[in-house]
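Listed below, chain by chain, are the residues.
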Amino acid sequence: MVGRERRHTVTFPRERILERIRRSLAGAHGDGPAPIPRAYRRNGTLPRDQLLTRFVERVEDYHAKVTRVRAHGLPGAVAAALSSRGVRRLAVAPDLPADWLAGLAPSLEVLRDGVPQLLSPGQLSSASGVLSGCALAIAETGTLVLDGGEGQGRRALTLLPDYHLCVVSTSQVVEMVPEAISALAAAVRDRRAPITFISGPSATSDIELSRVEGVHGPRTLEVILVEDS
C-alpha cells in the first residue's frame, strides 16, 4: 500500500554472528587476534605533594569529607568523625588495628565482624557506621580501592551501613588507574580477592537526572588521610 512502511527483521544464527566477530578481530593476514594498542601512560609523574592535593580535591568533588592528620592524631580524628555523625554502633573488620579505636567513647558499641561469628545482614544494617582501611587510593579519580585485606573486612561490611569512614595512608595513594590495577594484580591472582572501587558516596540518577544517594552502598563517605611517619 502507498505510504505504508514495511519493516523486515533479519535474524542470524549464533555461530554466524560469532564467526563475523572472529573475522573482525583477526589480524590483517587472518593469523590471530589483532594487537591491542597500549600506548597509554601507566605511571604517574606528579610530585608527592601535588599528588595528595589532587586526591583530596577529587574525593571532595564527590561530596565526601577529607581530614588530613599525622599518625599520632589518627585515634582522635576517628573519634571526632564518629562523634560528629552520632555513631552509636560501629562495625569493623576483625583485624582492624586496635589503636584506631583508642579514642572512642565508652558508650560507642563496636561490632567486630567474625568475632566470634560473622555479623548478620540485620546486624550490619543496624550499625550506624563502619570504619575500615583500604588497599590503595587513586588520585586521578578520587577513588578508594578495597580488596578485603587487613583492616578492610568482607565486602558486605562496607556496603550495608549508611556511613563509611575510611582511613587512607599517604603511601597508599597512587596517581593513575593503571598503577592501581598493577598493584592489585597479586591480590587478585593469589587470593582471588574481590575488588571494590569507591568513588564518593553511593549515588545514582534517574532519567530526569535527579540524584539519589545511598542506593546501593553508604549514603555518606568520609576519609581520614594519614601522613606517613
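Residues numbered from 1 in each chain as written. Predicted model: local features only at pLDDT ≥ 70, side-chain atom pairs only at ≥ 80, totals over all residues. Heavy atoms only, no water.

(A) Representation of the environment of Ser 120. Along the chain, the position of Ser 120 falls in the loop between strand S3 (109–112) and helix H4 (121–126). Note: C-alpha distance between Ser 120 and Ala 156 (36 residues apart in sequence) is 9.9 Å. (Helix = DSSP H or I, 4+ residues; strand = E, 2+ residues; numbered from the N terminus.)

(B) Looking closely at the pattern of salt bridges. Scanning the model with the defined rule gives 7 salt bridges in all. With a closest N to O distance of 3.2 Å, Arg 191 and Asp 147 form a salt bridge. A residue pair is termed long-range when its members are at least 10 positions apart, and Arg 191 in helix H5 (residues 177–191) and Asp 147 in the loop between strand S6 (143–146) and strand S7 (163–169) qualify at 44 residues. Assessed through its relative accessible area of 45%, Arg 191 is described here as partly exposed. (Salt bridge = Lys/Arg side-chain N within 4 Å of Asp/Glu carboxyl O. Buried < 20%, exposed > 50% of the residue type's maximum accessible area, 1.4 Å probe, protein only.)

(C) Molecular detail of the pairing of S7. Most of S7 sits inside the fold, with 7 of its 7 residues counted as buried. Of the two faces of S7, both are covered, the one formed by Tyr 163, Leu 165, Val 167 and Ser 169 as well as the one formed by His 164, Cys 166 and Val 168. Pairing of strand S4 (residues 129–132) with S7 involves 3 bridges; the strand directions are parallel. Each residue of the ladder has a partner; that of Val 130, found in S7, is His 164. As paired elements, S7 and strand S12 (residues 220–227) share 7 bridges and run parallel to each other. (Pairing = 2+ DSSP bridges.)

(D) Structural detail: the environment of Met 176. Structurally, Met 176 is set in the loop between strand S8 (173–174) and H5. Met 176 sits 36 residues away from Glu 140 along the chain, and the two C-alpha atoms are 5.6 Å apart.

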